Amino acid sequence: MIPGPFEYHAPASLSEAVALLSEHGLDAKLLAGGQSLIPLMKFRFVEPAVIVDLNRIPGLGGIRRENGHLVLGALTREAELEDDEAVRTEFPIILDTAVVIADPLVRNLATVGGNLAHADPANDHPATMLALGAEIVATGPNGERTIPIDEFFVDTFTTALAADEVLTAIRIPVPGPRSGGAYVKFERKAGDYAIAGAAVQLTLDEAGQVTSVRIGLTNVNYMPMRAKQAEAALLGKEPTEEAIREAARLAGEECDPSSDLRGPADYKRAVTRTVTARALRRALERAGAAAA
Ligand SMILES: Cc1cc2nc3c(=O)[nH]c(=O)nc-3n(C[C@H](O)[C@H](O)[C@H](O)COP(=O)(O)OP(=O)(O)OC[C@H]3O[C@@H](n4cnc5c(N)ncnc54)[C@H](O)[C@@H]3O)c2cc1C
């Protein structure tokens, strides 16, 4: 329960935060909602010498529309996603995700930026952002850069962010007509991490065939992953119940869960099949597919 000692900084600007990261290197940790970092510090799994609190930097929060994208500021809280009208109506996949993360108290503080930057394969936003083909906006000493989500997760708890970079926003392309997305998570109890979760975002053409599909999986690999074989099995096809089942079967094959307190690997593969099929059906329904 007792974290190690640390120096605390609350910079008032992004450039100050980046300068602190540059100065202290790997000794420093950014603090966003603190809902993953502080528990780890209390167990002394991490003992940062320097904490750089992002919460007093103006402009890091907020949900906005920009050039055909939904932009989530890094400090957007889970609870804000639940309340946002654009998210509720146009991005039900994000709403699906936010409401199954932790509990209301945690969601008042936990941020989307922190959920992604933490890169825990058990976190829920990574799969959803993989499905949405999001981009991560990061600022470091040399200015801003954009990282495609497919290149963002590199290992367990490891992202493509440099030690002196701050994730400032997440840019999500607004899906076109006849698109739908859904996130389905299977968990032991409310507030727990997923046994398995699946995020699907797809688009249909006039004839009802799948013209694009991205599937992200939660907690069934050492890092957040896309189910690319499952995607390939659906692309260009009519999403019949048979095609859905085949894609779900492939997702169950290509994931690589470990056996732990949430169950043996085989069970998690079975859950992956189920959540993938359910997410596909719900995404198709939302895309307006006739008889999904
Ligand atoms: C009881 C409980 C249950 C939970 N259940 C779930 C769940 O079911 N699903 C789920 O997805 N999550 C769950 N969480 C985790 C919660 O959503 C986390 O808080 C979140 O993943 C991290 O966000 P944060 O803003 O709290 O980040 P912090 O804890 O502040 O930071 C986490 C890490 O990300 C880094 N970081 C944060 N922001 C940035 C940034 N802008 N740029 C660069 N690095 C940054 C930090 O340095 C740190 O290493 C749970 C947490 C608790 C306490």
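Quantities reported herein were computed from a predicted structural model and do not represent experimental measurements.

Draft legend 1. The overall build of the chain, seen in detail. The helix and strand inventory of the chain stands at twelve helices and 14 strands. Here the C-alpha atoms of the chain give a radius of gyration of 19 Å, agreeing with the 19 Å that 2.2 N^0.38 yields for 292 residues. Seen through its C-alpha atoms, the chain measures out along the principal axes to roughly 60 × 45 × 30 Å. Looking at the 292 residues of the chain, the share that counts as buried comes to 52%. A sequence separation of at least 24 residues applies to 64% of the contacts in the chain between residues at least 6 apart. Carbon and sulfur atoms make up 52% of the accessible area of the chain, which amounts to about 13000 Å² in all.

Draft legend 2. How the structure looks around the site of the ligand. Looking at the ligand, there are 30 residues lining it, with Leu 30, Gly 34, Leu 37, Thr 111 and Asp 124 nearest. One of the side-chain N or O atoms of Lys 29 is found 3.1 Å from an oxygen atom in the ligand. Note that a nitrogen atom of the ligand is positioned 2.8 Å from one of the backbone N or O atoms of Leu 167. Considered on its own, the ligand offers 960 Å² of accessible surface; in the complex 91% of this is hidden by protein. Secondary-structure elements contributing two or more residues to the shell around the ligand are strand 2 (28-31), helix 7 (112-118) and strand 10 (166-173).

Draft legend 3. Expanded view of the pattern of salt bridges. Taken as a whole and judged by the stated rule, the model has 21 salt bridges. With its nearest N and O atoms 2.7 Å apart, the salt bridge here joins Glu 241 to Arg 281. Of the two residues, Glu 241 is situated in helix 11 (residues 241-254) and Arg 281 in helix 12 (residues 265-287); the sequence distance between them amounts to 40 residues. Among the ionic pairs, Asp 260 bridges to Lys 268, the shortest N-O distance being 2.7 Å. Residue class for Lys 268 comes out buried when judged on its relative accessible area of 2%.

Draft legend 4. Representation of the nonpolar core within the structure. Ranked by internal contacts, the top residues of the largest apolar core, which has 34 residues, are Val 200, Leu 202, Ile 215, Leu 217 and Leu 280. At the level of secondary structure, the elements contributing two or more residues to this core comprise strand 11 (179-187), strand 12 (194-204), strand 13 (210-218), helix 10 (228-234), helix 11 and helix 12. Looking at this core element by element, the count peaks at eight residues for helix 12. Ignoring anything within four residues of it in the chain, the contact list for Val 200 reads Ile 93, Ala 131, Gly 180, Gly 181, Ala 182, Val 213, Arg 214, Ile 215, Thr 276, Ala 279, Leu 280 and Ala 283. Counting residues in hydrophobic clusters, the runner-up holds 31 residues, among them Leu 70, Leu 81, Ala 134 and Tyr 183.

Draft legend 5. Expanded view of helix 8 (residues 125-132). With respect to burial, helix 8 is a largely interior element, eight of its eight residues being buried. Of all the residues in helix 8, the buried ones are His 125, Pro 126, Ala 127, Thr 128, Met 129, Leu 130, Ala 131 and Leu 132. Just downstream of helix 8, Gly 133 is the residue with a positive phi angle, here 65 degrees.

Draft legend 6. Focus on the sheet that holds strand 2. Strand order in the open sheet made by the three strands is 1-3-2, with parallel pairing throughout. The sheet is open, and its two edges are formed by strand 1 (7-9) and strand 2, each paired on a single side. For this sheet, the mean inter-axis angle between neighbouring strands, taken without regard to orientation, is 25 degrees. Relative to the sheet, helix 1 (residues 14-24) contacts strand 1, strand 2 and strand 3 (50-53), its axis offset from that of strand 3 by approximately 165 degrees.

Draft legend 7. Just helix 12, in detail. Relative to the 33 Å expected for 23 residues at 1.5 Å per residue, helix 12 spans 32 Å between its end C-alpha atoms, a close match to the ideal helical length. Ala 265, Lys 268, Val 271, Thr 272, Val 275, Thr 276, Ala 277, Ala 279, Leu 280, Ala 283, Leu 284 and Ala 287 are the residues of helix 12 that are buried. Buried-residue contacts for helix 12 involve strand 11, strand 12, strand 13, helix 10 and helix 11. Taken from the residues just after helix 12, Gly 288 is the one with a positive phi, measuring 85 degrees.

Draft legend 8. Summary view of the sheet that holds strand 6 (residues 135-140). Pairing is antiparallel across the open sheet formed by five strands, whose spatial order is 4-5-10-6-7. Lying at the two open borders of the sheet, with one neighbouring strand each, are strand 4 (63-66) and strand 7 (143-148). Mean inter-strand twist for the sheet, computed between neighbouring axes without regard to direction, equals 25 degrees. Here strand 6 pairs with strand 7 via six bridges, running antiparallel.

Draft legend 9. Quick look at the pairing of strand 13. Relative to strand 13, strand 12 runs antiparallel, the two being bridged by eight bridges. Bridge pairing links Leu 202 to Val 213 in strand 13. As consecutive antiparallel partners, strand 12 and strand 13 are separated by five residues, and within that stretch Gly 208 has a phi angle of approximately 90 degrees, a positive value. Relative to strand 14 (residues 225-226), strand 13 is paired through two bridges, and the arrangement is antiparallel.

Rules used throughout
- Residues numbered from 1 in each chain as written.
- Predicted model: local features only at pLDDT ≥ 70, side-chain atom pairs only at ≥ 80, totals over all residues.
- Heavy atoms only, no water.
- Helix = DSSP H or I, 4+ residues; strand = E, 2+ residues; numbered from the N terminus.
- Rg over C-alpha atoms; globule rule 2.2 N^0.38 Å.
- Buried < 20%, exposed > 50% of the residue type's maximum accessible area, 1.4 Å probe, protein only.
- Contact = heavy atoms within 4.5 Å.
- Areas by Shrake-Rupley, 256 points an atom, 1.4 Å probe, with all protein chains shown as cover.
- Near = heavy atom within 4 Å.
- Polar contact = N/O pair within 3.5 Å; in protein donor to acceptor, adjacent residues only side chain to side chain.
- Salt bridge = Lys/Arg side-chain N within 4 Å of Asp/Glu carboxyl O.
- Core = buried A, V, L, I, M, F, W, Y, C linked by side-chain atoms within 4.5 Å.
- Pairing = 2+ DSSP bridges.
- Axes fitted to C-alpha atoms, helices over the stretch in contact; angles between N-to-C directions.
- Expected span 1.5 Å × (residues − 1).

These values are about where atoms sit, not about what they do.
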